[in-house]
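Reading the structure
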Amino acid sequence: MLGGDYFAAPAAGQDRPVIPDAAIADLNRLQLIYETDRVFASIGRQIVRHGDQRFIGNSGWRQDDRTFDAARIDFDVKPGLTASYSYVWKVNQTLGTRADSDSDSHLLHLDWVRSGAFKASGFAYLIDLDDRPGTATFGARATGDLPAGPAVFTYDAVLARQQDYRTSADFTLDHAGLEGTITYGPLAGFGGFKHWEGDGTRGFDLPFAGKHARRGWADVFSNIPAEGVEDLYLGAKANWPRPPFGRKLGFQAAFHSFDPTRGGADFGHEWNAEVSLGFAENWSAGLQYADYDGGAGGPADRKKLYLSIEWQY
């Protein structure tokens, strides 16, 4: 991480957006695995991801992954139907050991593949941490690819409800998301709407989610505010599989319009743009830009530029 300590946490007089990456050394993974054709079991420090990481993920964008001290079992119930259960006794957050939490949490996830045109999942996440009110989140997701002449239409729909769990607080919050993408050769256009409710006291809580780029790349709404947030967005992508340099070149741009789910404030809007390049076997680089304008009632304006280099093995 470059740029000095003032990036890691807010400080008096700081005039730059916070980049929440702590200077730490941490044990990332240490686990025992048992695996057969139908069963995968693991115990120890590990990564747990479900679906698109909207609720459960490792937040791999950050300098330090989120990992779970957990026992997990995945098994094939029958062809097309899989189940996963994890018991988590500690979560190791991306801000280092000072943000880690003891846990007594249960994560249940089911996936059913009917065909390429219809895939469904259901989930129940009962999260009890020592540093925040407990939550029980139940929901379902449907995705699929539908031929549309020479193009392909991809849909993604999610409904979820969150309520209090093992806490004296009393709340019920809803989430709804709908996204569609049209892909034609190397070109794609996408748009969607996501509603994350807040009740004026708290927003929909996402302590285990992969958060970067969920609601704009500036990460203004990584945590859902007490007023909630609605995100209406449109964007486009283009891939150049054989550019004159490198192995693959990609472009992406998107516009987000934000509003609270309660109250009359304006949460502003955001522009995003990205260029990515695969320049050698297993190597890629990306340049990502975010420009958030908070409007009259939203958070402070901010601009962020990310340069990344990745090696996969």
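Please read these numbers as outputs of a predicted model, since none were measured by experiment. (Residues numbered from 1 in each chain as written. Predicted model: local features only at pLDDT ≥ 70, side-chain atom pairs only at ≥ 80, totals over all residues. Heavy atoms only, no water.)

Focus on the pairing of strand 4 (residues 81-92)
Using the following cut-off: When DSSP finds at least two bridges between two strands, those strands are taken to pair. A run of DSSP states H or I qualifies as a helix once it reaches four residues; a run of E qualifies as a strand once it reaches two. Both are numbered from the N-terminal end.
Sheet topology places strand 3 (residues 67-78) next to strand 4; 11 bridges connect them, and they run antiparallel. In the strand pairing of strand 4, Phe68 is matched with Val91. Joining the antiparallel neighbours strand 3 and strand 4 is a turn of two residues, in which Gly80 adopts a positive phi near 90°. Bridge analysis of strand 4 against strand 5 (residues 101-115) gives 10 bridges, and the strand direction is antiparallel. The residue bridging Leu81 from the neighbouring strand is Trp112, located in strand 5.

Let's talk about empty space enclosed by the protein
How we decide: Using a grid of 1 Å spacing that covers the protein atoms alone, one calls a set of points a cavity when a 1.4 Å probe fits there but cannot get out, and a pocket when the set is open and has protein on both sides within 12 Å along at least five of seven lines; lining residues are those with an atom within 4 Å of a point. Grid points are joined across faces, edges and corners, and a volume is the space filled by probe spheres set on the points. Nonpolar residues are Ala, Val, Leu, Ile, Met, Phe, Trp, Tyr, Cys and Pro. Charged residues are Asp, Glu, Lys and Arg, and all others, Gly as well, are polar.
Under the definition given, this model contains two cavities of 30 Å³ or more. Estimates place the volume of the largest cavity at around 80 Å³. Considering the residues around the largest cavity, the lining is formed by His50, Gly51, Asp52, Arg54, Phe55, His109, Ser121, Phe123, Tyr125, Arg141 and Val158. Sort the elements by how many residues they give to the lining of the largest cavity and strand 6 (residues 118-127) lands first, with three residues. Class assignment of the residues belonging to the lining of the largest cavity gives a composition of four nonpolar, four polar and three charged. Its volume calculated, the second largest cavity comes out at about 60 Å³. Contributing to the lining of the second largest cavity are Phe55, Ile56, Tyr125, Ile127, Thr135, Thr137, Gln162, Phe204, Asp205, Leu206, Pro207 and Phe208. For the lining of the second largest cavity, the elements supplying multiple residues, two or more each, are strand 6 and strand 7 (135-148). Among the residues making up the lining of the second largest cavity, the classes are represented as eight nonpolar, three polar and one charged.

Digging into unusual backbone geometry
Comment: phi is negative for the bulk of residues other than glycine, and the bulk of peptide bonds are trans. The cut-off we apply is this: Working definition: with a 1.4 Å probe on protein chains only, accessible area under 20% of the residue-type maximum means buried, over 50% means exposed, and in between means partly exposed.
In this structure, Gln53 is a non-glycine residue whose phi angle is positive, near 65°. Checked against the element boundaries, Gln53 lands in the loop between strand 2 (39-46) and strand 3. Exposure remark for Gln53: the relative accessible area of 18% places this residue in the buried category. With a phi angle near 60°, Asp219 is a residue other than glycine that sits in the positive phi range. The topology assignment puts Asp219 in the loop between strand 10 (187-196) and strand 11 (229-240).

Observations regarding the nonpolar core
Rules: What we call a nonpolar core is a set of buried Ala, Val, Leu, Ile, Met, Phe, Trp, Tyr and Cys residues that are connected through their side-chain atoms within 4.5 Å. Only heavy atoms matter for contacts: two residues are in contact if any of them lie within 4.5 Å across the pair.
Ranked by size, the top nonpolar core spans 32 residues in total, and within it Phe55, Phe204 and Phe208 carry the most contacts. If you list the elements that add at least two residues to this core, you get strand 3, strand 4, strand 6, strand 8 (151-164) and strand 14 (283-293). The element contributing the most residues to this core is strand 6, with three residues. With residues near it in sequence (within four places) discarded, Phe55 still touches Phe123, Tyr125, Thr137, Val158, Ala160, His175, Trp196, Phe204, Leu206, Phe208 and Ala209.

So, the layout of surface pockets
Empty space within the largest pocket amounts to approximately 950 Å³. In terms of lining, the largest pocket is formed by 30 residues, of which the most central are Asp52, His212, Ala213, Arg214 and Trp217. If you list the elements that add at least two residues to the lining of the largest pocket, you get strand 8, strand 9 (172-184), strand 10, strand 11, strand 12 (248-259) and strand 13 (269-280). In terms of residue class, the lining of the largest pocket is built from seven nonpolar, 11 polar and 12 charged.

Brief notes about the packing of aromatic side chains
What counts here: To pair, rings of Phe, Tyr and Trp, with the six-membered ring standing in for Trp, must have centres within 6.5 Å; the planes then decide the type, stacked if under 30 degrees apart, edge-to-face if over 60, and tilted in the middle.
With the rule as written, the count across this model stands at 15 aromatic pairs. Seen from their ring centres, Phe55 and Phe204 are 6.2 Å apart, and the 45° between their planes marks the pair as tilted. Of the two residues, Phe55 sits in the loop between strand 2 and strand 3 while Phe204 sits in the loop between strand 10 and strand 11, which places them 149 residues apart along the sequence. Assessed through its relative accessible area of 10%, Phe55 is described here as buried. Residue Phe204 is classed as buried on the basis of its relative accessible area, which comes to 1%. Where Phe258 meets Tyr292, the ring centres are 6.2 Å apart and the plane angle is 55°; that geometry is what we call tilted. You can see Phe258 sitting in strand 12 and its partner Tyr292 sitting in strand 14, a full 34 residues away along the chain.

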